[in-house]
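Listed here are the chains, written in short residue letters.
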Number of protein chains: 2
Amino acid sequence: MSGKLGVLAGGGPLPALVVAAARARGQDAFVLAFEGQTDPGTVMGVEHAWVRLGHMAEAFARLRAAGVGEVCLIGPMRRPTVAELRPDWRAMQALARIGKQYFGDDGLLSGVVRELEGEGFRVVGVHDVLTALLARAGNYARHAPSPEDEADIARGIAVVQALGRVDVGQAAIVERGVVLGVEAIEGTDALIARCAALRREPQGGVLVKMAKPQQERRVDLPTIGMRTVDAIAEAGFAGIAIEAGRSLVVDAAAVGAAADARGVFVFGVSAA
Amino acid sequence: MSGKLGVLAGGGPLPALVVAAARARGQDAFVLAFEGQTDPGTVMGVEHAWVRLGHMAEAFARLRAAGVGEVCLIGPMRRPTVAELRPDWRAMQALARIGKQYFGDDGLLSGVVRELEGEGFRVVGVHDVLTALLARAGNYARHAPSPEDEADIARGIAVVQALGRVDVGQAAIVERGVVLGVEAIEGTDALIARCAALRREPQGGVLVKMAKPQQERRVDLPTIGMRTVDAIAEAGFAGIAIEAGRSLVVDAAAVGAAADARGVFVFGVSAA
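Here goes a summary of the coordinates provided. (Residues numbered from 1 in each chain as written. Chains lettered and ligands numbered in written order. Predicted model: local features only at pLDDT ≥ 70, side-chain atom pairs only at ≥ 80, totals over all residues. Heavy atoms only, no water.)

Focus: the pattern of salt bridges
Then, number 1: Summed over all chains, the structure comprises 42 salt bridges over all chains.
Then, number 2: One salt bridge in this structure joins Glu58 of chain A and Arg62 of chain A, with 3.7 Å as the shortest N-O distance. Of this pair, Glu58 of chain A and Arg62 of chain A both sit in helix H2 (residues 56-65), four residues apart, which is roughly one turn of the helix.
Then, number 3: Exposure remark for Glu58 of chain A: the relative accessible area of 30% places this residue in the partly exposed category.
Then, number 4: Given the relative accessible area of 38%, Arg62 of chain A is considered partly exposed.
Then, number 5: Its salt-bridge partner being Glu186 of chain B, residue Arg194 of chain B comes within 2.3 Å of it at the nearest N-O pair. (Salt bridge = Lys/Arg side-chain N within 4 Å of Asp/Glu carboxyl O. Helix = DSSP H or I, 4+ residues; strand = E, 2+ residues; numbered from the N terminus. Buried < 20%, exposed > 50% of the residue type's maximum accessible area, 1.4 Å probe, protein only.)

Pasting the structure below:
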C-alpha cells in the first residue's frame, strides 16, 4: 500500500466498510464524497471532501492535497443527466477520451480508472481491501440448487453474458427455462419486483448476477446482500446464483443465515 | 396457394385481418382457435374449431378435416405454464423433439413450424398473406430521427441482436446512448411504461424493435401499431425504429397519421 487510501464513494454502506477495513490494516483513509451520491454517514469521523461529480480537476487536487496514493471506487453511482453533469475542463478532456464508451457503465468506469492512473494514482479493487467480500464458489446456505435450478443458472449465465458483451446489465431472472426479465439501468431490486409479477410456475426462479465478460474487475462488481436474499424470498423465487471471484457478497454470514431462514439457496458459480 | 388457409390464431386483431385478406384473394379460411388465447371475435362468421393449446393431435385432425393445405401462425400467444399445458401424446412427442429450444420463443415456434411441416402442411408467413404489413425502410411520418436518435438506434440494434442471439426479447429503449430497458417476456407495453419512469433527459429516447438474427421469419415477427405510437408519445420519447422487411406495421397509414399528430418518428431500419 502506498500512502492514504482515497475512497471514491458511491451510495450505500460499502464505502464505510472499505474505510473501516483500511484502518483495520493500519492505512489512513480519505473519502472523496460526491454530492447527491454518497451517503452522508460515510464521511462521519473520516477526513473527507465533498465534490460535484463533474468537477474532476478539483477531485484530483483534493486527493493529491490529502496525500492519497491509491484509490478505490466503491458503491453504486446514479448516472447524472447531461445537464446535471456540468463537467469542468478536466472532465471534458476525460469525456472526449472516453467517447462513445461513456454510454455503457463498464466503458465509462474503465475510462475513469484510466484517468486516475494517468494522474499517478494506483487503483485498487474493493476485494483488495475487503478480501472477505469476494464471492466464493459453492453454497452459502443449507439449500442447494436443484437440477432444474442448475439448468436455469446455465441459461441465466448465457443471457447475462450476452448482455454484458454489449455493456448492459449484470442480472437476469430465469424460471424453469424461461427468461422472465433482464436488467438494464433499473437495478436488481426493480428487476426482482417486476419478475415477481411475471411468475408462472409454482416453484423455481433464479436470480443470476454475473460480471460483464470484459469488465474492469476493480469497479462496479455485481453485489448481493441480505436485502437481496429477502427480496428473492418475498418474490417466491428459489434462489440466487452469483459469479465466484467476480462479484461481492456483503456479510456472507448474514446472507447464509437469511437464506437458511427463508429456504432459498445462494450459490457461487464459476463461469466458463 | 393450396386448399384452405388454416389460421392458427393467437390474440389481438391480426388473425381476423389475415382471414379477411385470404378471402379477399379468393381463398377460404379456417380458424384454429386456442382456449384462453384467441379473441372470440376472430371466429365470428368463419369456419373454426376451438382446441386446447396442448392438444396437438386434435389440432392436426381438425385442420385436416377442414381441408386445410397451408397454415399461418399469427397473433401473440401467452406461453402456458407447465401445469396449464397438459400436452396430449402428439404434443409430448413434439416437445421431446423441441427439447431445450422450448424455453426460447423462437426455439419453440420453430419447433412447432417443423411439426406442422412434418404433418404435410405448408407454413406461410403473415407477410405472404398480408403483404402490406411488412415494415418498409424509411420514415412513416413527417418527423425523422435526429443524429442523436440515429446513434441511439444503432446502439439499440446491437443490444437487441445480442439478446436475440440467446432467444430473449425483441425490443430495447435507448435514451442518448444509455439503455434504459430491455425486453424479456413482459412485452413492449410494459417495457415502455417502465422506461418512462426511468427517463433522465428532456429529449430523445428511441424504442428499437428487431427480429432475432436467427428468427424463423414466418412466425412472431416484431409488431407495432397505432397503440405503440401512442404509448411512446405518452412516455415522452422521440420515436420508434423497426426492422424493415422483418417486422410488421399494422395499418401503416394510421401509424403515420398518429406519429404526425404526436410529433414522434417511426422509422424502418435495415439491420446489417
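Some words on the sheet that holds strand S2 (residues 29-34) of chain B
All names here are of chain B.
Then, number 1: Sheet architecture is open: five strands sit in the order S3-S2-S1-S4-S5, paired in parallel fashion. What marks the edges here is a single partner per strand, and that holds for strand S3 (47-51) and strand S5 (122-123).
Then, number 2: Against the sheet, helix H1 (residues 14-24) contacts strand S1 (4-9), S2 and strand S4 (68-74), and its axis sits at roughly 175° relative to S1. (Pairing = 2+ DSSP bridges. Contact = heavy atoms within 4.5 Å. Axes fitted to C-alpha atoms, helices over the stretch in contact; angles between N-to-C directions.)

Observations regarding the packing of aromatic side chains
Residues and elements named next belong to chain A.
Then, number 1: Evaluation of the coordinates by the stated rule reveals two aromatic pairs over all chains.
Then, number 2: Between the aromatic rings of Phe60 and Phe121, the centroid separation amounts to 6.3 Å while the plane-to-plane angle is 25°, which identifies the pairing as stacked. Taken together, the residues Phe60 in helix H2 and Phe121 in the loop between helix H5 (105-118) and strand S5 (122-123) connect sequence positions 61 residues apart.
Then, number 3: Arg136 extends its terminal NZ or CZ atom over the ring of Tyr140, reaching a point 4.1 Å from the ring centre. (Phe/Tyr/Trp six-rings, centres within 6.5 Å; stacked < 30°, edge-to-face > 60°. Lys NZ or Arg CZ within 6 Å of the ring centre and 35° of its normal.)

What about the relation of the copies chain A and chain B?
Then, number 1: Structural alignment of chain A on chain B gives an RMSD of 0.0 Å, achieved by rotating through 180° and translating 0.0 Å along the axis. Within this description, the copies of the chain are treated as partners about a two-fold rotation axis. (Least-squares fit on C-alpha atoms with pLDDT ≥ 70 in both.)

With respect to the sheet that holds strand S6 (residues 138-139) of chain A
All names here are of chain A.
Then, number 1: The mixed open sheet is built from six strands, whose spatial order is S6-S13-S11-S9-S7-S8. Each edge of the sheet is formed by a strand with only one pairing partner; in this case those strands are S6 and strand S8 (178-182).
Then, number 2: Bridging between strand S9 (residues 206-209) and strand S11 (residues 239-243) involves four bridges; their strand directions are parallel. In the strand pairing of S11, Leu207 is matched with Ile240.
Then, number 3: Where helix H9 (residues 226-234) meets the sheet, its contacts fall on S9, S11 and strand S13 (265-269), and the angle it forms with S11 comes to roughly 140°.

Purely geometric numbers; function is a separate question.
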